[in-house]
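As a plain string of letters, each chain reads:
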Amino acid sequence: MNPLAAHARLKILSDSQELEFDLVIIGGGITGAGIALDAASRGMTVLLLEKVDFAFGTSSRSTKLIHGGLRYLKQLEFNLVREVGKERAILYQNARHLVRPEPMLLPVIIGGSLGKTTTALALWVYEWLAGVKVAERRKMLDRHQCLKKEPLLDSSIVRAGAIYTEYRTDDARLTISVCKTAVKYGARIVNHAEVTELIKENDLISGVRVLDRLSNQEFTIKAKCFVNAAGPWVDQIRKQDGSKQGKSLHLTKGVHLVIPFERLPVKQAAYFDSEDGRMIFAIPRGDITYLGTTDTNYTGVIDSPKVSGEDIQYLLKAANRIFPSINLNITDIQSAWAGLRPLIHEEGKNPSELSRKDELFISNSQLISIAGGKLTGFRVMAKRVTDKVVESLTKKTERKFQACFTQDIQLSGANFETEDELTEFHHQLFGEGKQVGISFKRISQWIDRYGKDANTVLEHAYTLWPDVEDKKLIPDLAEMYYSIQEEMSAHPADYFIRRTGQLYFQHTILEQSFDELYPWFVKFARLSEVDAAKYREEIWEEIKAINLLKNLS
Ligand code: FAD
């Protein structure tokens, strides 16, 4: 049985009861996934438990950039800029299809946070610290050049500008790719598996109680070491452990709005000042442009942060100020998402001043908790945690483990050594896809999502061809089948929200095609009638919630 198939979940959990793992990881965001890969590749037996779905938390709700960390210069976090800059280069090498260079326009405006000279200086320091390649270094623009790059900018306030290079990604896909790679190294991963209790012997954690949220079955799993990588939920797990003392999390909410591209037709990504001095991104992505983000204190329910009317007004105002001719309003919003930053509390600091650095806490019961950090720095965070696990395991078992070598591991589907190889693969797959009517656009989308694994998606299209009467459904069905068989999509939300991002980025198409596609999901995932009806209700609630955004004011 494929260990990544949705049908494998219960068997993995029940078989796992017979073992004592070296490491159990609580949380399947990018942090937990990174630790699973590092630990498994160093030879540990690893089980990762995720209560909803991989990347359900913050790791599917970020700005989706692999940052060089320009904004951290403001907080004088030089080491952080150096570290994320280096990590970005490693990630590009190891996940070329998922981490793409994105030229970013930085307009210098009257009353903005930086002037022309300070922008040039900041970018110079940033590029030096982050080790930016010569070909990707900044280009300073005069007023005329800046307005030519982006004619939508308010010409009455633009004084100059710069182009520098960011990298964009798909955060949820990055997380699932890291999970898939961890599985190749022998890790076991299970979604919809919530850790409900920490079991202790002589005050040390020896096991966890796990609830499979889809079947309601419970399991007990033993391990020698436990890592709490629960992102915004880290303190809840520390509370269960009785170790929530000293430093604690400070959650801040960040919202993004998705606008149809024709309503915000930016010629390229831009990073601009809002009225309160914070910086906002506008990033074009296919048929849409997304805008973000806000940064406000959050004390509500962690499982379901909501977009408020205030969040919407703040972002629309910022966009309308810098691009005055577009005149965006609430009816232009196609969708939106809200995520929580799991930051470390610092007395007296406002949300945007809080450090994005990660921190480790090791409790008396030997629970290792990791909080803070960035998507971009996940590999090096994982290394720090896994080094601690090695220390602990070596004491307990006297076994030896390899040093970290994740910097040399290409992620699942990412085995492209050069840009030319990636281009070559596009050409090859276009040719093959044509024979079963798969469009250029769809093939490109598959390669962006799955890299070389797009081959397997295409194979499913070939297999489905004779049996599916309505041929126009084949691309969707091939991808859906792949997702259930190879990426553990067990609930429609796993597929429509995190594996493909359709809920946010193709909202209207999803709404129109859902009824046609859903029976196939039920069939491929072998759902019972009761589950099929329940899950349908749940995903439909998500679709409707997005439509209701337009009623907020
Ligand atoms: P999460 O992704 O939240 O993962 C934690 C997981 O633990 C969740 O999936 C949850 O379901 C699971 N869990 C919780 N409790 C349990 C339990 N009891 N049992 C099992 N599982 C459990 N970083 C960048 O580098 N670039 C960006 O552009 C960027 N933009 C951002 C924009 C916003 C608005 C925000 C909020 C953050 C952004 N970040 C960015 C930061 C980055 O997204 C986060 O640092 C990162 O995703 C955190 O990942 P995580 O795995 O620690 O947490």
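If you're wondering where the values come from, they're calculated on a predicted model, not measured in any experiment.

The next subject is the pairing of strand E10 (residues 218-228). In summary, the side chains of a regular strand alternate between the two faces of the sheet. When strand E1 (residues 20-26) meets E10, the two strands line up parallel, connected through six bridges. Bridging from a neighbouring strand, leucine 23 pairs with cysteine 225 of E10. Both strand E9 (residues 204-212) and E10 contribute to a ladder of five bridges, which runs antiparallel. Residue pairing across strands places valine 210 opposite phenylalanine 219, the latter belonging to E10. Hairpin connection, E9 to E10: the antiparallel pair is bridged by five residues, and asparagine 216 has positive phi, about 65 degrees. Note: E10 against strand E18 (residues 367-372), three bridges, orientation parallel. Residue pairing for E18: phenylalanine 226 is matched across the bridge by leucine 367.

Further remarks concern the site of the ligand. Neighbouring residues of the ligand: 38 residues in total, closest Thr31, Glu50, Ser59, Leu65 and Thr376. Separating an oxygen atom of the ligand from a backbone N or O atom of leucine 375 is a distance of 3.1 Å. Look at the ligand: alone it shows 1,000 Å² of surface, and the protein chains cover 97% of it. Broken down by secondary-structure element, the contributors of at least two residues to the shell around the ligand are helix H2 (30-41), strand E8 (193-201), strand E11 (249-260) and strand E16 (335-344).

Moving on to the packing of aromatic side chains. When we look at a pair of aromatic rings, we describe it by the centre distance and by the angle of the planes. Under the definition given, this model contains 22 aromatic pairs. Ring plane angle 90 degrees and centroid distance 6.0 Å describe the contact between tyrosine 126 and tyrosine 164, whose orientation is recorded as edge-to-face. Residue tyrosine 126 is found in helix H4 (residues 116-130), and its partner tyrosine 164 is found in strand E6 (residues 158-168); the two are separated by 38 residues along the sequence. Grouping residues by exposure puts tyrosine 126 and tyrosine 164 together as buried. Residues tyrosine 450 and tyrosine 482 carry aromatic rings whose centres are separated by 5.1 Å and whose planes lie at 70 degrees to one another, so their mutual orientation is edge-to-face.

Glancing now at the pattern of salt bridges. Oppositely charged side chains can pair when the atoms bearing their charge come close. What the rule picks out here adds up to 46 salt bridges. A salt bridge links arginine 384 to glutamate 83; the shortest N-O distance between them is 3.2 Å. With arginine 384 in helix H9 (residues 378-397) and glutamate 83 in helix H3 (residues 78-94), the pair connects residues that are 301 residues apart, well separated along the chain. Given the relative accessible area of 32%, arginine 384 is considered partly exposed. A salt bridge links glutamate 391 to lysine 388; the shortest N-O distance between them is 3.9 Å. Of the two residues, glutamate 391 and lysine 388 are both situated in helix H9; the distance of three residues between them amounts to about one turn of the helix. Of the residues examined, glutamate 391 reaches a relative accessible area of 44% and is grouped as partly exposed. Within the structure, one salt-bridge network assembled from shared partners comprises Glu20, Asp22, Lys224 and Arg399.

A few words on unusual backbone geometry. Here the bond from glycine 292 into threonine 293 is cis, since omega is 15 degrees, no more than 30 degrees from zero. If you trace the backbone, threonine 293 turns up in the loop between strand E14 (288-292) and strand E15 (296-297). The phi dihedral of alanine 55 is positive, around 70 degrees, even though this residue is not glycine. One can find alanine 55 in the loop between strand E2 (46-49) and strand E3 (65-66).

Attention now goes to the environment of glycine 309. Here glycine 309 shows up in helix H8 (residues 309-322). Look at glycine 309 and you get buried, because its relative accessible area is 9%.

Our focus in this paragraph is the nonpolar core. Tyr126, Tyr164, Leu257, Phe272, Leu291, Phe323 and Trp446 are the most contacted members of the largest nonpolar core, which totals 109 residues. Per-element accounting of this core gives the leading share, seven residues, to helix H16 (residues 507-524). Each residue touching tyrosine 164, except ones within four places of it in the same chain, is listed here: Leu70, Glu102, Pro103, Met104, Leu106, Leu123, Tyr126, Arg138, Tyr271 and Phe281.

Turning our attention to the environment of glutamate 511. Along the chain, glutamate 511 turns up in helix H16. Separated by 32 residues in the primary sequence, glutamate 511 and isoleucine 543 have C-alpha atoms spaced 7.1 Å apart. Leave out the neighbours within four places in its chain, and glutamate 511 touches Trp540, Ile543 and Asn547.

What follows deals with the packing of helix H14 (residues 492-499) against H16. A pair of packed helices is characterised by two quantities: the angle between their axes and the separation of those axes. Taken N-terminus to C-terminus, the directions of H14 and H16 make an angle of 135 degrees; their axes are 11 Å apart at the nearest point. Compared by their axis directions, H14 and H16 come out oblique. As H14 runs across H16, the sense of the crossing is right-handed. Where H14 approaches H16, its residues Pro492, Tyr495 and Phe496 are matched on the opposing element by Leu510, Phe514, Leu517, Tyr518 and Phe521. Broken down by class, the residue content of the contact of H14 with H16 amounts to eight nonpolar, no polar and no charged.

About the cut-offs
Residues numbered from 1 in each chain as written. Predicted model: local features only at pLDDT ≥ 70, side-chain atom pairs only at ≥ 80, totals over all residues. Heavy atoms only, no water. Pairing = 2+ DSSP bridges. Helix = DSSP H or I, 4+ residues; strand = E, 2+ residues; numbered from the N terminus. Near = heavy atom within 4 Å. Polar contact = N/O pair within 3.5 Å; in protein donor to acceptor, adjacent residues only side chain to side chain. Areas by Shrake-Rupley, 256 points an atom, 1.4 Å probe, with all protein chains shown as cover. Phe/Tyr/Trp six-rings, centres within 6.5 Å; stacked < 30°, edge-to-face > 60°. Buried < 20%, exposed > 50% of the residue type's maximum accessible area, 1.4 Å probe, protein only. Salt bridge = Lys/Arg side-chain N within 4 Å of Asp/Glu carboxyl O. Core = buried A, V, L, I, M, F, W, Y, C linked by side-chain atoms within 4.5 Å. Contact = heavy atoms within 4.5 Å. Axes fitted to C-alpha atoms, helices over the stretch in contact; angles between N-to-C directions. Parallel < 35°, antiparallel > 145°, perpendicular 65-115°, else oblique. Left-handed = near helix turned anticlockwise from the far one by under 90°. Nonpolar A, V, L, I, M, F, W, Y, C, P; charged D, E, K, R; others polar.

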